[in-house]
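# Overview (structure and organization)
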Amino acid sequence: MTFDPTSTLLATGSADSTVKVWDIEKQYCTHNLKGHQGIISTVGFHPDISRLLLYTAGEDYRLRVWNLLNSKCIAEVSAHYSMITSVCFSEDGSKVFTSGRDAVVSVIDAEVHKVIKVIPVFEVVESIVLLPNTCNYPALNVDNESIHVITAGNKGVLRVWNSDTGKCVYTTDPVYSRFDNNKQLEVKQAETTDDSMNIVQLIHNKEKNNLTVVTYDQNISILGLEKLVLQKQFAGNNDEILDVKYFNDNKYAIVATNSMHIKVFELSTWDCEILYGHTDIVLCIDVIPKSDMFISGSKDNTVRLWKMDPVAKQVSCLALGQGHTNAVGALAMSRVKPTFFVSGSEDCTLKLWTIPPKMDSSIITEIHSSVTEKAHDKTICSVAVAPNDKFIASGSSDKTAKLWRADNLKLIGVMRGHKRGIWCVQFSPVDQILATSSGDGTVKLWSLADFSCVRTFEGHDCAVLKVAFITRGMQIVSSATNGLIKLWTIKSNECVKTFEGHEDKVWALAVGDDDEMISGGADSNLITWKDVTEIEQVEAKEKQEEFILQEQTLSNLIQQKKYLKAIGLAITLEQPFRLLSILKEILSEDDGDNKLFKTLEKLRMDQIDSLLRFTVQWNTNSRHCHESQVVLSSVLKIYPPNQLKKLANLKSSVEGLIPYTERHFNRMSRLVQQSMFLEYTWQCMKGISSEQPDMELEESNVTEMEIKMEADVKSEESSSEESESDGEENDKIVQQNDSKTSGKSQKTASNNKTTMKDSDSDSEESDNENMKSVNVKQTKDNKSVEIVEDSDDSDPDDDSSDEEISLKKTSGGSVTSRNRKEDSRTGSGGRVVVKVQTESEESSDNDDMMETMNQEDKSVSMKPPTPKRNLYKDHLSEKSQNQKDVRSRSPKKRKITDKFTVVKGKSTKVTGLDLFVDERPSTEDYVVDSEATYSEKLIEGGKKRPTGRNIQKMGRKMNRKAKLRKPKTFGR
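For the structure given in this document, a descriptive report is provided here. Model, not experiment: these values are computed from the prediction.

### Some words on helix α7 (residues 625–638)
For α7, which comprises 14 residues, the first-to-last C-alpha distance of 20 Å matches the rise-based estimate of 20 Å (1.5 Å per residue) to within 8%. Among the residues of α7, those classed as buried are C625, E627, S628, V630, V631, L632, S634, V635 and I638.

And the structure:
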């Protein structure tokens, strides 16, 4: 694609064989040109915009000229025998220059559209640029009278050509070089064909008067146009980063990528310098602390020593070491002085190299190893030099780490314990400790005194590739194949932090002087890390102090009742429930709704948005729903819908308000309905209680009740004496007498409007009920009479069936009757207590007692006569009571068992209260057959007379059946 001189039109060529012209200002397509075959390779506007000519080229090797006035092709030029890669124009627009992959440059007349001249350049040309005549170029040997062009191709160099003579007047160094270095050129010429040097694009920047060169490996280089010297370089793609190290006081980072070139990044500007020298992929790098030298190892089985000029910021190769028979994958430099370095290779050997004291930077010095040792059984993955330069540690894929002397590579000790190969070894800067990382997912710390494992860090779930000490040896950092970097505290043996910056294997990890860290991985990312612990602590402290001040300010505003500022500050602090308390305080004042309405009118729209978000939280709780609905109602009344639609969080707020608002509305509707029903019930009850009861009728009933109770007490005393003397006669009491007694008690209870439970049914249903005794006790002064009916089977906790009747007489007497309902099905007994009390007080206390009795009569005992509307209810209650009496007299089915229990019948009657407790008659009364009668029946039936033993068995069987036979019951 390309722009026209006015930058208003854009021409694009595509793989669909079409060319489109776009209007940039109005943003629409103005032309769609068809005619080429295959992919469009280049397009260009004529510099004279008045002519509106467009030049295009494609895979058909033809140059076409289009007139944009009528969208027609006005010329077709065959200037190349291969794809045309670039086109440029002279300043006056009279000539057109085209370059192609046929290694020639064609000069075309723009008036007649014919080829004037062909210049052979002897390389595949990818781009061509016209050298402007605005300035002089003495360094380029340029003649100002002729037109010169610059070509870039697959050789990685820029060439300046004179269009008139067709000769090359100047050739630059390779783009990667910042200066003329014959060693670099020689090394590059010795290399095999490399596509990374292929220049794919050349762009001229007229404003800054420089050239931008894009290479095949996506590196971007900027060159000055006057001398065509490299000024700045950027690495477009790092590929897989294999190793990285800090260099020159953390100002630079040296990176080994999945290529044969080393990249040196300036961390402040990320300016990159690419170093050429190795002929295969560079695997490892190491630097000398506080020095300007570093080393590199490659798959070409060589090691190289590099040095940077601090003034010119140029890196050059000083020495080349050869000797390994396989790829060099591990390197370590001396820590104190740059005197030696050690290398480990896939050939399982360690080599010790001595650095020459003096080296000429103009030539590459060849060095040789001083000591070679067969160190491991498998590939050596890592080596490290101790901080005092006396020991060397190595880690291998054979699952062991070994310690060697630095002067002669003599073995000192072996550390075994990992279950898989060791990827990295590292010495502690402050202690005699060696750290190792392994493919088993663990990091181990070894004591160099006895070679024992003192710590094991388990947290990674995959292989740990790198490990390093930080914070003066108090912590370690490790990287794994899953892209995670973990920070460990050695003292607590715990993982403090996990960093998720990479998406693939983290092969490279380096720690700087100020605990800065840089990491690189297979995801092509190079990430720098900085320790911000102190910064975060300071920021947290400042935030806390600011928060405390704002809290105090908010409290003062609430106390001063400056609600508008308080609401704004609460919204700023993101305290929804503090804001809720402010709104509740406003609503609690007189005319609170209007005050809240006026306060919300003064808020900004962003504050209203936050207020609606808080309202969603309040609305979820029924205790705060009232305030939230008031706020929502006020907001909807203040602001129109068109203004509310502009809020950023309106959609989420409405979605959160709707469901809970519907729930609160349904709850309030049910509450209103229940309150109306309660009001209706209260009005009905109020109408019933307004009628006055007939007091005289009630007093007469009470008087008759007391007379009957006194007579019943006397008859009970006499009956109790008879029952003690005639115990055997009481056992044969007939059931009909009990039924008559129960009938009388029911009539008496119904006349007194008191529901008495008949104990006759309970006595008939219980199987093992003991006898009940009735004790009548009378005090000496005859002021209290107590009748107690007890049973051993009574349940003292069963108070649910108790009924209490209190009848009090205003003339000085008190009668209390209590009847406990007996549950014959569960075998529980009962207790009946009847108390009769009289009063003999002094005349001074009679008046107070009379008033108290009158109040109690009105509130408790004196019940008004039932109005006419309750007659049907009384009728149903009497009918149900009669049905209960009939059911109580009907015998209950008893379970047939082999054991028989004889229960003696006993009837005790309290005539004064018409209460009685009756027991079922003994089952012996119903045994009517004997052995003799049974045998006689057999003879009458024509059967043989059984023997004596059989007669006894049959008799006992007959008696058993007779005991289980149900007694006859008769109705009224």
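### Focus on the pairing of strand β30 (residues 340–345)
Here β30 lies mainly inside the structure; 6 of its 6 residues are buried. Along β30, one buried face is formed by F340, V342 and G344 and the opposite face, lined by F341, S343 and S345, is buried too. Here 5 bridges tie strand β29 (residues 328–333) to β30, and the two strands are oriented antiparallel to one another. In the strand pairing of β30, A332 is matched with V342.

### Here's the deal with the pairing of strand β26 (residues 293–298)
Most of β26 sits out of view: 6 of its 6 residues are buried. Every second residue of β26 is oriented toward a common face, with M293, I295 and G297 on one face and F294, S296 and S298 on the other, all of them buried. Across 5 bridges, strand β25 (residues 282–287) lies against β26 in antiparallel orientation. In the sheet register, D286 faces β26, and the bridge partner there is I295. Counted between consecutive antiparallel strands, the loop separating β25 from β26 contains 5 residues, among which K290 sits at a positive phi close to 55°. Taken together, the 5 bridges between β26 and strand β27 (residues 302–309) define a ladder with antiparallel strand orientation. Opposite I295, over in β27, you have L305 as the bridge partner. Counting the residues in the hairpin turn of β26 and β27 gives 3 residues, including N301, whose phi is positive at 70°.

### Some remarks on the environment of V506
Tracing the backbone shows V506 in the loop between β45 (494–499) and β46 (508–511). Residues V506 and I241, 265 residues apart in the sequence, show an inter-C-alpha distance of 8.3 Å. Aside from chain neighbours lying at most four places away, what touches V506 is L465, S479, A480, G483, I485, S519, G520 and G521.

### Considerations on the sheet that holds strand β10 (residues 95–100)
With antiparallel pairing, 4 strands are arranged side by side in an open sheet as β9-β10-β11-β12. This sheet does not close on itself; its edge strands, each paired only once, are β9 (84–89) and β12 (114–120). This sheet shows a mean twist of 20° between the axes of neighbouring strands, independent of strand direction. Bridge count between β10 and strand β11 (residues 104–109): 5 bridges; the pairing is antiparallel. Considered in β11, the bridge of K95 is made with D109.

### Description of the sheet that holds strand β28 (residues 314–322)
For sheets, the rule is that strands pair by backbone hydrogen bonds, running either parallel or antiparallel. In spatial order, the strands read β25-β26-β27-β28-β32; together these 5 strands make up an open sheet with mixed pairing. The sheet terminates laterally at β25 and β32 (365–367), the two strands that pair on one side only. Here the strands of the sheet are splayed against their neighbours by 30° on average, with no regard to which way each runs.

### Thoughts on the environment of D173
Mapped onto the elements of the fold, D173 is located in the loop between β16 (167–171) and α1 (182–190). Assessed through its relative accessible area of 31%, D173 is described here as partly exposed. Distance from D173 to G156, taken between C-alpha atoms, is 8.5 Å for residues 17 residues apart in sequence.

About the thresholds
Numbers given to residues run from 1 along each chain, matching the order in which its sequence is written. Given that this is a predicted model, residues contribute local features only at a pLDDT of at least 70 and side-chain atom pairs are listed and counted only at 80 or more, while totals for whole chains, interfaces and linings are drawn from all residues. Computation of side-chain values covers all heavy atoms of the structure but excludes hydrogens and water. Helix and strand definitions here come from DSSP, where helices need a minimum of 4 consecutive H or I residues and strands a minimum of 2 consecutive E residues; each element is numbered from the N-terminal end. To estimate the expected span of a helix, subtract one from its residue number and multiply by 1.5 Å. Under the scheme applied here, a residue whose accessible area is under 20% of the maximum for its type counts as buried, over 50% as exposed, and between as partly exposed, the area being computed with a 1.4 Å probe on protein chains only. Strands pair, by our definition, only if DSSP identifies at least two bridges between them. Whether two residues are in contact is decided by their heavy atoms, any of which lying within 4.5 Å being enough. Structural elements are reduced to axes, namely lines fitted to C-alpha atoms, with helices fitted over the stretch in contact, and the angle between N-to-C directions of any two is expressed from 0 to 180 degrees.

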